[in-house]
Amino acid sequence: MKLHIQNKFTKELPADATIENYPRQVENAAFSYVEPIKPLKPVLIHASIEVANSIGISQEDINAIEFLNVFSGNTIYPETKPFALCYAGHQFGNWAGQLGDGRAINLTEVVHENKTYTLQLKGAGPTPYSRTADGFAVLRSSIREYLCAEAMYYLGVPTTRSLSLMLSGDQVVRDVLYNGNPAYERGAIVCRIAPSFIRFGSFEMFASRTDIVNLRLLADFTIKEHFPLIKQEGVNKYLAFFKEVTQSTLEMIVDWQRVGFVHGVMNTDNMSIHGITIDYGPYGWLEDYDSGWTPNTTDSQNKRYRFGNQPEIALWNLYQLANALYPLIEDAKALEAILDEYSVMYEKQYLLMMQNKLGLQEKRDNDLSLVEQLTQLLEKAETDMTIFFRNLGAIKKEESTITAFEKIKIAFYNENGLEDILLSEWHNWLEKYCVRIQKELITDDERKVKMNLVNPKYVLRNYISQLSIDAAEKEDYSLLIELVEMLKNPYDEQPKYEKWFAKRPDWARNKVGCSMLSCSS
Ligand code: AMP
Ligand code: MG
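Predicted, not measured: the structure shown is a model, and the values here were computed from it.

Chemist: What's the story with the domain arrangement of the protein chain in this structure? I'm lost.
Modeler: By a frequent convention, interface size equals the accessible area lost on bringing the separate parts together. Per the domain assignment, the segments making up the protein chain are domain 1 (8-197), domain 2 (230-356), domain 3 (359-452) and domain 4 (462-508). Each of domain 1 and domain 2 was reduced to a C-alpha centroid, and the two centroids are 24 Å apart. At the interface, 24 residues of domain 1 touch 28 residues of domain 2. For the pair domain 1 and domain 2, the summed buried area comes to about 2200 Å², and 58% of that belongs to carbon and sulfur atoms. On the domain 1 side of the contact with domain 2, H90, F92 and R144 bury the most area, a combined 29% of that side's loss. On inspection of domain 1 and its partner domain 2, the count reaches two salt bridges. For K122, the salt bridge identified is with D279, shortest N-O distance 3.9 Å. Viewed at the interface, domain 2 and domain 1 are joined by eleven residue pairs in polar contact (both at pLDDT 80 or more). Contributing elements (two or more residues each) for the side of domain 1 that touches domain 2: β5 (88-91), α5 (139-155) and β10 (183-194).

Below you can see the structure in the form of structure tokens.
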């Protein structure tokens, strides 16, 4: 395995002066050098050949013992020096101080075809940022991270990617529901990649300590390395950077809302400055369309990170980033203008995204009301989001509302028991929808093709990933492999996977891992 190594982050930013690995406050530093713990008996469960190729690793490399050793943390690749990032953050709306990579260890940066990637192990042991936790990860949460990042990538949602999933061979103790029932679980390690793992919280860390020298160093480094199109100087450079982060974050959120993804822990330390989805913890996918839903049991009281609140929370997080960058900019009005623009742009881009989901190419003034009526209706009875939008594409311009309803009916959990009032509301909406699509210049078939590009047929349904976890716990990885393959073409019909185009079964309704997850991972 020949990797084109680059160690710019560690070369250009200040390192923690302390070498020993114990939990502590780390000041005047962007990172700490730390080595992974050698796993007892690493076993490769899965590697993504596409991700491997993208950083210059071949199938032959994957098959070699060096791959297993390097990406389980057993050996350190030549001329690299692993490190953990120091960052802070707001958790659930409250300032949490220093957090940092508590169980993530960056191996190195790799350059391939003029692109830079940071390779990071998750679950390879403690760091100075582990606080009271152990730095390890269990198989179930590692599968969830591994699968979801790849699912998001193929859905076209900006995300980190997964290179490899391994068992460490070690046992890890977890109390899944935090209810006094700790148990041993199998430890696992994911190697994930991203341009960098710099977060909003990386800037908050220095700003909170009024360490302006390092704040500027980090901002300058980030812009030079990752935002090469920013050519402005001085204050305008930082403003341009903030604007870019705002826009890419907005685009990511619109995509989340399009596919029904709920992140679950949108703390500022889990927000990438690249506008990519990172840190797949207690996330979930909307099965029945419910803007109030969050999978995260830790957030079940306030539901701060519920589906419908994600756009607002992203903005709240951007305010925190603006505050952190303020010492470099000292122009509140200019920052506010960018933040105000977010809300305006979000409305616009959300509408555009929903118009696309509805197959409306010819934009009309009344489309917003059609969309709003629809989302209200979707909330009134349990309705599967993915099936609904996918099947909506089959409706034809000249069809009766009765035929149209037959096509979407399967999306309702209580298909044959909808109340009369609701039924008539649906017929009203479908009538308006049919009238509306008659104004479209393209044919029914053309519209369906376009809709199928934005309304996925296959997403990582909560119960499906749980089934793959249950099997993997018994050392049966066949479903996991099947899901990886299925999720590579989420917009294609793929008849052989038709059984996964199905509503959540009843057994999964209130099952841990399906409809609810804790942060324990
Ligand atoms: P999260 O919200 O899951 O991204 O984690 C919040 C903070 O807790 C981050 O600083 C993590 O690195 C840290 N953390 C989470 N789980 C562990 C663990 N098992 N060991 C050490 N640190 C952890
Ligand atoms: Mg995190």
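Chemist: Looking at this model, I keep getting lost on the coordination of the magnesium ion (ligand 2). Mind explaining?
Modeler: Tetrahedral coordination by four donors places them ideally at 109.5 degrees to one another around the metal; octahedral coordination by six donors ideally gives 90 or 180 degrees. Here the magnesium ion (ligand 2) is held by N270 (OD1) and D279 (OD), and the distances to it run 2.0 to 2.2 Å. What makes D279 buried here is its relative accessible area of 13%.

Chemist: Please clarify how the site of ligand 1 should be interpreted in this entry.
Modeler: The environment of ligand 1 is made up of 16 residues, and the closest members are G100, G102, R131, G135 and N270. In this structure, a nitrogen atom belonging to ligand 1 sits 3.4 Å away from a side-chain N or O atom of R174. Between ligand 1 and D279 there is a distance of 3.3 Å, counted from an oxygen atom to a side-chain nitrogen or oxygen. When the free accessible area of ligand 1 is taken as 480 Å², the share hidden by the protein chains comes to 81%. Split by domain, the shell around ligand 1 shows at least three residues from each of two domains, domain 1 (8-197) and domain 2 (230-356).

Chemist: What should I look at first to understand the nonpolar core in this one?
Modeler: Soluble globular proteins tend to pack their nonpolar side chains together in the buried interior. Of all hydrophobic cores here, the largest spans 130 residues; its most connected members are F203 and W426. The greatest single-element share of this core, amounting to twelve residues, is contributed by helix α8 (residues 234-259). Beyond its immediate sequence surroundings of up to four residues, W426 is in contact with L374, L377, L378, F388, F405, I408, F412 and L418. Core analysis: the second largest hydrophobic core is formed by 33 residues, M1, L3, A84 and L121 among them.

Chemist: Help me understand unusual backbone geometry in this model?
Modeler: Among all residues save glycine, negative phi is the norm, and among peptide bonds the norm is trans. In the Ramachandran plot, F92 falls in the positive-phi region, its phi being about 50° despite a non-glycine side chain. For F92, the location among the structural elements is in the loop between β5 and β6 (94-98). Of note in this structure, K303 is not a glycine but carries a positive phi near 50°. K303 gets classed as partly exposed once you look at its relative accessible area, which sits at 33%.

Chemist: I'm lost on empty space enclosed by the protein in this one. Help?
Modeler: Taking a probe equal in size to a water molecule and rolling it over the atoms shows the remaining empty space. All told, the structure shown has seven cavities of 30 Å³ or more when counted by the stated rule. Here the largest cavity is characterised by a volume of approximately 100 Å³. Lining the largest cavity are 16 residues, and of these F9, E109, T118, S196 and H226 lie nearest its centre. The set of elements that each furnish at least two residues to the lining of the largest cavity consists of α1 (8-12), β4 (83-85), β7 (104-112), β8 (115-122) and α7 (212-226). The biggest single contributor to the lining of the largest cavity is α7, with three residues. Here the residues of the lining of the largest cavity sort into seven nonpolar, six polar and three charged.

Chemist: For this particular structure, what's the right way to read the packing of helix α9 (residues 310-329) against helix α10 (residues 332-357)?
Modeler: Between two packed helices, what matters for the description is the angle formed by their axes and the separation of those axes. One can describe the packing of α9 onto α10 by two numbers: an axis separation of 10 Å at closest approach and a directional angle of 160°. Classed by the angle they form, the pair α9 and α10 counts as roughly antiparallel. The element α9 and its partner α10 pack so that their crossing is right-handed. For the pair formed by α9 and α10, the contact residues are P311, A314, L315, L318, Y319, A322, Y326 and I329 on the first element and A332, L335, L339, D340, Y342, S343 and Y346 on the second. Each residue belonging to the contact of α9 with α10 can be placed in one class, and the counts come to 13 nonpolar, one polar and one charged.

Chemist: Would you explain the pattern of salt bridges in this entry?
Modeler: Two side chains carrying opposite charge are able to pair once their charged atoms lie near each other. Here the structure, examined in full by the defined rule, presents 32 salt bridges. Residue E382 pairs with R509 through a salt bridge whose shortest N-O separation is 3.2 Å. Note that E382 is positioned in the loop between α11 (367-380) and α12 (385-392) and R509 in the segment after α17 (478-486), a separation of 127 residues in sequence. Judged by relative accessible area, which is 28%, E382 ranks as partly exposed.

What counts, and where the lines are drawn
Residues numbered from 1 in each chain as written. Chains lettered and ligands numbered in written order. Predicted model: local features only at pLDDT ≥ 70, side-chain atom pairs only at ≥ 80, totals over all residues. Heavy atoms only, no water. Domains from an automatic or database assignment. Contact = heavy atoms within 4.5 Å. Buried area = accessible area lost by both parts, 1.4 Å probe. Salt bridge = Lys/Arg side-chain N within 4 Å of Asp/Glu carboxyl O. Polar contact = N/O pair within 3.5 Å; in protein donor to acceptor, adjacent residues only side chain to side chain. Helix = DSSP H or I, 4+ residues; strand = E, 2+ residues; numbered from the N terminus. Donors = N, O, S within 2.8 Å, 3.2 Å for Na, K, Ca; no water. Buried < 20%, exposed > 50% of the residue type's maximum accessible area, 1.4 Å probe, protein only. Near = heavy atom within 4 Å. Areas by Shrake-Rupley, 256 points an atom, 1.4 Å probe, with all protein chains shown as cover. Core = buried A, V, L, I, M, F, W, Y, C linked by side-chain atoms within 4.5 Å. 1 Å grid on protein atoms, 1.4 Å probe; cavity = no way out; pocket = protein on both sides within 12 Å on 5 of 7 lines; lining within 4 Å. Points joined across faces, edges and corners; volume = space filled by probe spheres on them. Nonpolar A, V, L, I, M, F, W, Y, C, P; charged D, E, K, R; others polar. Axes fitted to C-alpha atoms, helices over the stretch in contact; angles between N-to-C directions. Parallel < 35°, antiparallel > 145°, perpendicular 65-115°, else oblique. Left-handed = near helix turned anticlockwise from the far one by under 90°.

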